[in-house]
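Report on the structure
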Amino acid sequence: MIRHIIRKEFTDVVRDGRFRWCSILVGSLLLVSLGHGWVESQRVQRERQAAQATAREHWEGQGEKNPHSAAHYGIYAFKPRLALSFVDDGVDPYAGTSVWLEAHRQNDFMLRPAQDASAAQRIGALTAAQVLQHLVPLLIILLTFGALAGERERGTLRQLLATGVGRRELATGKALGLSGALALLLVPAAAVGAAALVVATPGPAASPLARGAVLAGIYLVYFGAFLALSLAVSAWARSARTALVVLLAVWVVNGFVAPRVAVDLSKWLHPTPSALQFARTMEQDLGSGVDGIAPPDRAAITQALLEEHGVDSVQALPVNETGIYLQESEEFSNQIFDRNYGALWDTFERQTVVHEAVAAAAPLLAVRALSMGLAGTDVEQHRHFATAAETYRREMVLLMNNDMAMNSRSGDFTYAAGRELWEEVPPLDYAAPGMGWVLGNRVLSLIVLAAWLGGAILVARARVQRAEVG
């Protein structure tokens with residue numbers, strides 16, 4: 001009997017002109033967004049590789065100069081894009097993907113695409129993730145709102161149940177029939193996405209495909225929760241019109257109201273300073289120190305070096321006292337950077353937790369967090385790269401200052417190193433965290449999303465069992 005219900009529901013939906021037109025619209029938007037995202041991702045990847053090669057060439061070809069001056073000359077670091085980033089660009093357009101590394105400064109990321117975009121461009125940006133998170137649930141609602149309420153209005157629900165069909169079998173058959181119709185839209189899109197992953201990955205595609213499979217499973221859970229919720233409302237509502245109004249209200253809250261509430265609530269609970277306030281605090285701390293972190297005392301450093309080497313004058317030291325002092329200044333600055341940037345990153349991550357908690361009222365927030373995580377474009381992975389770039393900067397500056405300290409006389413800024421020293425600084429070799437690390441950061445989202453699916457199924461089961469037949 002369930003087989004017959006599935007076949008009938010699937011046939012009715014496929015023959016429905018509304019389904020065909022909605023599927024064409026949503027499918028076209030999904031394929032276009034996938035294609036545009038893939039093309040854009042490939043363009044950005046090529047530009048990144050070219051910029052990285054140019055930055056490296058400039059660093060190695062900067063000519064002879066004092067090593068500390070070379071540390072000020074600096075070098076760019078560019079965040080790599082993971083293969084799945086063409087599905088969900090996450091925070092990258094707003095946080096930036098390149099950073100200038102130089103002595104004495106931990107710089108903010110620059111060249112953020114969102115800075116150059118107009119308000120209309122930012123609103124109009126369409127990604128595959130947005131289509132999946134907003135439009136596919138809307139399509140599910142439009143297909144499902146009358147599944148049971150419509151049968152009741154037409155008087156066919158009583159007839160179906162009178163033939164011996166159980167309520168649970170009826171709801172299960174309708175859900176599977178609708179799922180089969182949706183598969184006609186989603187399976188081709190998934191195949192296109194998998195092909196794009198294989199083409200976009202220069203090496204073995206196993207890891208990106210595994211991430212893609214997990215992401216597909218997450219979206220299936222999301223769609224399943226909406227399907228069960230829609231059936232529950234359809235069983236509860238007195239009419240198909242009421243069911244549609246209620247489900248559209250749920251869709252609006254899920255896709256537009258809850259994300260805005262999550263942003264405002266997270267900022268209220270965990271406020272962040274403005275860029276100007278942050279810069280002022282940083283300058284004050286660098287100038288005078290804070291909480292026991294004091295600027296280095298050059299006289300004390302010089303006296304300690306004299307005692308260590310058993311000489312009476314700076315000129316008699318076998319090392320350059322200026323180079324050692326410059327590195328001590330770097331170590332002091334690094335403590336200030338760790339304190340201020342660490343507090344800022346921690347605040348951002350606490351705000352993310354608030355977003356995940358609000359997902360209890362809107363599953364889109366949980367899906368969005370998981371989608372950005374698997375695409376490598378969430379806050380945590382941006383921090384992971386920023387930490388790696390900062391570590392690289394400190395190692396580069398340390399090498400420059402040590403070379404100055406060990407190979408020139410104190411106070412001598414005329415000492416110049418050349419290409420051999422510049423080549424001792426290796427290119428930044430960044431390894432993005434694995435999928436286990438990503439999912440470990442998103443445990444709350446996984447729990448909330450699973451709870452949504454389980455809760456929606458239980459509610460649908462209860463409402464179908466109690467549904468009025470006329």
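Right above here is the structure, for reference.
Residues numbered from 1 in each chain as written. Predicted model: local features only at pLDDT ≥ 70, side-chain atom pairs only at ≥ 80, totals over all residues. Heavy atoms only, no water.

Some remarks on the overall build of the protein
Counting secondary structure elements, the protein contains 20 helices and three strands. Computed over C-alpha atoms, the radius of gyration of the protein comes to 30 Å, more than 25% over the 23 Å expected from 2.2 N^0.38 for 470 residues, which places it beyond the range of a compact globule. Principal-axis analysis of the C-alpha atoms gives the protein an extent of 105 × 45 × 35 Å. If you take every contact in the protein between residues at least 6 apart in sequence, the share linking residues at least 24 apart comes to 82%. Summed over its atoms, the accessible surface of the protein is roughly 22900 Å², and 61% of this surface lies on carbon and sulfur atoms. Averaging the locations of the 41 positively and 44 negatively charged side chains of the protein gives two centres separated by 21 Å. (Helix = DSSP H or I, 4+ residues; strand = E, 2+ residues; numbered from the N terminus. Rg over C-alpha atoms; globule rule 2.2 N^0.38 Å. Contact = heavy atoms within 4.5 Å. Areas by Shrake-Rupley, 256 points an atom, 1.4 Å probe, with all protein chains shown as cover. Lys, Arg positive; Asp, Glu negative; His and termini not counted. Charge placed at Lys NZ, Arg CZ, Asp CG, Glu CD.)

Describing helix 14 (residues 298-309)
Here helix 14 is twelve residues long and its end C-alpha atoms lie 17 Å apart, about the 16 Å a rise of 1.5 Å per residue gives. By the burial criterion, the buried members of helix 14 are Ile301, Thr302, Leu305 and Leu306. For helix 14, the arc enclosing every buried residue in end-on projection is 135°, short of the 170-degree limit, so these residues lie on one face. Of the exposed residues in helix 14, the ones pointing more than 90 degrees away from its buried face are Ala299, Glu307 and Glu308. Buried residues along helix 14 sit in contact with helix 15 (321-358). Between a side-chain oxygen at the N-terminus of helix 14 and the backbone nitrogen of alanine 299 the separation is 3.0 Å; the capping residue is aspartate 297. In the segment just after helix 14, glycine 310 is the residue with positive phi, at about 65°. (Expected span 1.5 Å × (residues − 1). Buried < 20%, exposed > 50% of the residue type's maximum accessible area, 1.4 Å probe, protein only. Arc of directions from axis to C-beta. Polar contact = N/O pair within 3.5 Å; in protein donor to acceptor, adjacent residues only side chain to side chain.)

Considerations on empty space enclosed by the protein
Any empty space left between the atoms is revealed when a probe the size of a water molecule rolls over them. Across all of its chains, the model carries two cavities of 30 Å³ or more by this definition. In this model, the largest cavity occupies a volume close to 70 Å³. As for the largest cavity, its lining consists of Leu148, Leu157, Leu161, Arg167, Leu170, Ala171, Ala235, Val464 and Ala467. Of all elements in the fold, only helix 9 (156-162) and helix 10 (167-200) reach the threshold of two or more residues within the lining of the largest cavity. The element contributing the most residues to the lining of the largest cavity is helix 10, with three residues. When its residues are assigned to classes, the lining of the largest cavity shows eight nonpolar, no polar and one charged. In this structure, the second largest cavity spans a volume of roughly 50 Å³. Around the second largest cavity, the lining residues are Lys79, Pro80, Leu82, Gly376, Gln381, Tyr430, Ala432 and Pro433. Considering only residue class, the lining of the second largest cavity consists of five nonpolar, two polar and one charged. (1 Å grid on protein atoms, 1.4 Å probe; cavity = no way out; pocket = protein on both sides within 12 Å on 5 of 7 lines; lining within 4 Å. Points joined across faces, edges and corners; volume = space filled by probe spheres on them. Nonpolar A, V, L, I, M, F, W, Y, C, P; charged D, E, K, R; others polar.)

Digging into the pairing of strand 2 (residues 98-102)
Burial within strand 2 is extensive, with four of its five residues counted as buried. Where strand 1 (residues 75-78) and strand 2 come together, four bridges link them in antiparallel fashion. In the strand pairing of strand 2, phenylalanine 78 is matched with serine 98. Looking at chain direction, strand 2 and strand 3 (residues 105-106) are connected through two bridges and run antiparallel. Counted as the bridge partner of leucine 101 is glutamine 106 from strand 3. Linking two consecutive strands that pair antiparallel, namely strand 2 and strand 3, is a turn of two residues; a positive phi of about 70° is found at histidine 104 within it. (Pairing = 2+ DSSP bridges.)

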